[in-house]
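Structural overview for review
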Amino acid sequence: MSTELKSVQPLIEVRHLKQYFNINTGFFKSTPLKAVDDISFTIREGETLGLVGESGCGKTTAGRTILHLYQPTAGEIIYRGKSIKTPKDVEEFRTKATMVFQDPYSSLDPRMTVADIIGEPLDVHHMYKSQEERRQKILELMDHVGLNSEHAARYAHEFSGGQRQRVGIARALAVDPDFIVCDEPVSALDVSIQAQVINMFDELQDQMGLTYLFIAHDLLVVRHISDRIAVMYLGRMVELADADEIYNRPLHPYTKALISAVPVPDPNVARANKRIALTGEIPSPLNAPSGCPFHTRCPYAKPMCSESMPPFKEVEKGRFVACHRTEEINS
Amino acid sequence: MTEGSKVNENIKNLSMQVNLDDFIPATAEEKEYMVQMRPSTTAFKDGIRRLRKNKVAMVSFYIIVIITLAAIFVPMFWPYKYEMMLGMQPGKPVDATFNNLKPFEYSTTEQALRDQGQSVFPHIFGTDSAGRDYFIRVVYGTRISLAVGFFASIIVLVIGLLVGSVSGYAGGKVDMVIMRIVDIIYSLPDMLMVILLASVLKMTLASKLEGTPLAKIGSNIISLFIIFALLYWVSMARLVRGQILSLREQEYVLAAQAAGAKGSWVIRKHLLPNCVSVIVISTALQIPSAIFTESYLSFLGLGVNAPMPSLGSLASDALNGLSSYPYRLVIPAIVISLIVLSLNLFGDGLRDAFDPKLNG
């Protein structure tokens, strides 16, 4: 019964989330930069939702805003049916939702030992009674992520990138969260280390029943780890579907282009696949195009695309696309 | 024998040349020996190591230590006191021969004692016009100057840290307001403000302090501290703010915020520890400037209350008899120069050792 309830109620629900930053464009003038513009989606308990898009499309901002690291401009985040609004809600939410950062170098304080870095969330939330308990917890966490307990008293600069990222992951696990936002956690690592860390994410998910929002721009990595994938373009979500569906049958023109850019190991297949090359640059989010943000580069664009914003609607079960011409293009 | 077996034979021969004993697995001790872990080091230890290598800085450091220790301990056992007018013994007529003695000269009474075979402690630097031992006055003046420099820097440090870190971390409007206040204080002419404040505070404080324990320290020194607190924190605040502004963009700050840490936690645990080298360096460089300010204020007659000496007031008093007793000006001037120079050189050494980025 409880499993049924879980499947009904999503762990995290994001409704019409907007995050604008005011950028000073003149001496007294400021223009809103729409980093995230009206995105809505849900994350089910125990799943991994991949979030992909080009640099500067608002993936990271979306992840951070969901954790209330930035105060959302509009919209709400609902955790287990409860909307997070007051500072007290946020504080409580912080013990349930944590984050793994992209850069394992700048995300660890160079003046702190590994034990203190991992123990910091415990210190902040007073989650232990004695120093001994704190030490035990930290060693346990280090063991979880495959770090040697001898390293507890060392400083972060003495470690390699992969080890540092493990420290970052141990820190994210410290408060025993349900939900972790992984902000490009492997893009700064070597390929061989990437695989280790990705596999560790997988194992931890099985062991601890974690839910991930996995932000990345490496499509193969995302496909490997994600159950569902959401694609963002210029602050908006353009497509959301099961991982395999997105790869095998992308519906949105932008997703099509994105998937066609994934390198294929077999040269015969690669030649057979027609690469959809997008022309032009991604427009500045300060001055986003009217209507569908993608119409300036879309090979299927029609006049209507520049006039109205296509709704993000469910075209098939569990499959959302924001395009006026979904049916025409894909039939 | 076929060609193939010949090759095999050759390979066998080759393998014969390899001594298998060389390939036994390493024992635990051998592994221990092979894997030499570099001892864990911190930026702080590295800095100390670099500082120790810097000869100029180390010599300056020892000079500062010697002067400081002398200033603290010498007055404790020296037979003369800084305010003691040796010619004025109670119940006896004033003995003017004690006044204006040259170095290692004795007054008539002392000479009489020496003639009787008693030992008399020499006046190393002679005595001043009121018959006070000049050496102890210089030592005591050094003590006052160092104390003023040290405490003034601490006041500057505390205020600068508080204001700068709040301003840098809060950003936005708070930062704007604080920085405009800093700009205003910056734009005031230093010297004029110091002199005006010193003379105003001197009058108001003198009456207020009557009878309190602070009266012993003297209204002038307290007004000096107030001046430092009011005027000199701004550069420290700016420095700290700048550091914090750049540090708060680091991802570990965001990580701490994601863990639920509040502003004060982030400042205390992450931001200040990461700019501590800059803070220590600029505090070390603040001390000589405070000593210097104290000296010129005392020289202008706005410093410590008589009979308490400071290096500046000693130099100022010496001006009256400059042609006859030039050493009375030279001695405190040398001590001031020595202190300020060594502190500056030591501060430079600190900067080179702990913050190679600032090197320029």
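Residues numbered from 1 in each chain as written. Chains lettered and ligands numbered in written order. Predicted model: local features only at pLDDT ≥ 70, side-chain atom pairs only at ≥ 80, totals over all residues. Heavy atoms only, no water.

**Some details on the overall build of chain A**
- Check the secondary structure of chain A and you find 13 helices and twelve strands.
- Relative to the compact-globule value of 20 Å for 331 residues, chain A shows a C-alpha radius of gyration of 21 Å, a close match.
- Overall, chain A is about 65 × 55 × 55 Å in size when its C-alpha atoms are taken along their principal axes.
- The buried share of chain A, reckoned over its 331 residues, is 51%.
- Roughly 15,500 Å² of accessible area belongs to chain A as shown, and the carbon and sulfur atoms make up 51% of that amount. (Helix = DSSP H or I, 4+ residues; strand = E, 2+ residues; numbered from the N terminus. Rg over C-alpha atoms; globule rule 2.2 N^0.38 Å. Buried < 20%, exposed > 50% of the residue type's maximum accessible area, 1.4 Å probe, protein only. Areas by Shrake-Rupley, 256 points an atom, 1.4 Å probe, with all protein chains shown as cover.)

**Digging into helix H12 (residues 251-258) of chain B**
- With seven of eight residues buried, H12 of chain B is to be regarded as a mostly interior element.
- Taken residue by residue, H12 of chain B has Glu251, Tyr252, Val253, Leu254, Ala255, Ala256 and Ala258 of chain B as its buried positions.
- Those residues of H12 of chain B that are buried lie in contact with helix H2 (59-66), helix H3 (87-94), helix H4 (114-124) and helix H6 (161-173) of chain A together with helix H11 (233-247) and helix H13 (263-274) of chain B.
- At the exit of H12 of chain B stands glycine 260 of chain B, carrying a positive phi of roughly 100°. (Contact = heavy atoms within 4.5 Å.)

**Description of the sheet that holds strand S10 (residues 236-242) of chain A**
All names here are of chain A.
- Reading across the sheet, the eight strands line up as S6-S7-S8-S3-S9-S10-S12-S11 and stay open at both edges, with mixed pairing between neighbours. Here the strands that pair on one side only, and so sit at the sheet edges, are strand S6 (97-100) and strand S11 (313-316). Recorded for the sheet is a direction-independent mean angle of 25° between the axes of neighbouring strands.
- Of the strands in this sheet, strand S3 (48-52), S6, strand S7 (179-183), strand S8 (211-215) and strand S9 (228-233) touch H2, which is tilted by about 150° from S8. (Pairing = 2+ DSSP bridges. Axes fitted to C-alpha atoms, helices over the stretch in contact; angles between N-to-C directions.)

**Concerning the sheet that holds strand S5 (residues 82-83) of chain A**
Residues and elements named next belong to chain A.
- Taken together, the four strands give an open sheet; going across it, the order is S2-S1-S4-S5, and neighbouring strands pair in antiparallel fashion. The open sheet is flanked by strand S2 (30-43) and S5, the only strands paired with a single partner.
- Across two bridges, the pairing between strand S4 (residues 74-79) and S5 is antiparallel. Residue pairing for S5: tyrosine 79 is matched across the bridge by lysine 82.
- Running at roughly 115° to strand S1 (residues 12-24), H2 makes contact with S1, S2 and S4 of the sheet.

**Section: the domain arrangement of chain B**
All names here are of chain B.
- For chain B, the assigned domains are domain 1 (48-83 + 135-358) and domain 2 (85-131).
- Of the residues lining the interface, eleven residues belong to domain 1; the matching set on domain 2 comes to 17 residues.
- Summed over both sides, the interface of domain 1 with domain 2 buries roughly 1,100 Å², with 65% coming from carbon and sulfur.
- It is Tyr80, Phe135 and Tyr327 that lose the most area in domain 1 upon contact with domain 2, and together they represent 45% of the buried surface on that side.
- Connecting domain 1 to domain 2 are one salt bridge.
- If you look at where domain 1 meets domain 2, you find five residue pairs in polar contact (both at pLDDT 80 or more).
- Within the residue set of the side of domain 1 that touches domain 2, elements represented by two or more residues are helix H6 (134-170) and helix H16 (327-354).
- Classifying every residue of the side of domain 1 that touches domain 2 gives eight nonpolar, no polar and three charged. (Domains from an automatic or database assignment. Buried area = accessible area lost by both parts, 1.4 Å probe. Salt bridge = Lys/Arg side-chain N within 4 Å of Asp/Glu carboxyl O. Polar contact = N/O pair within 3.5 Å; in protein donor to acceptor, adjacent residues only side chain to side chain. Nonpolar A, V, L, I, M, F, W, Y, C, P; charged D, E, K, R; others polar.)

**Here's the deal with the pairing of S2 of chain A**
All names here are of chain A.
- In the sheet, S1 pairs with S2 via eleven bridges, with the strands oriented antiparallel. Along S2, the bridge assignment pairs isoleucine 23 with threonine 31.
- Hairpin geometry of S1 and S2 is characterised by an intervening segment of five residues between the two adjacent antiparallel strands.

**Describing the pattern of salt bridges**
- The tally for this structure, following the rule as stated, stands at 29 salt bridges over all chains.
- In this structure, arginine 223 of chain A and aspartate 244 of chain A form a salt bridge, with 3.8 Å as the shortest nitrogen-oxygen distance. Of this pair, arginine 223 of chain A sits in helix H8 (residues 219-225) while aspartate 244 of chain A is found in helix H9 (residues 243-248), placing the two residues 21 residues apart along the sequence.
- Its relative accessible area of 46% is what places aspartate 244 of chain A among the partly exposed residues.
- Of the charged contacts in the structure, one is a salt bridge between arginine 180 of chain B and aspartate 183 of chain B, with a shortest N-O distance of 3.0 Å. Residue arginine 180 of chain B and its partner aspartate 183 of chain B are both found in helix H7 (residues 172-187); the two are separated by three residues, about one turn of the helix.
- The exposure class of arginine 180 of chain B is partly exposed, given its relative accessible area of 41%.

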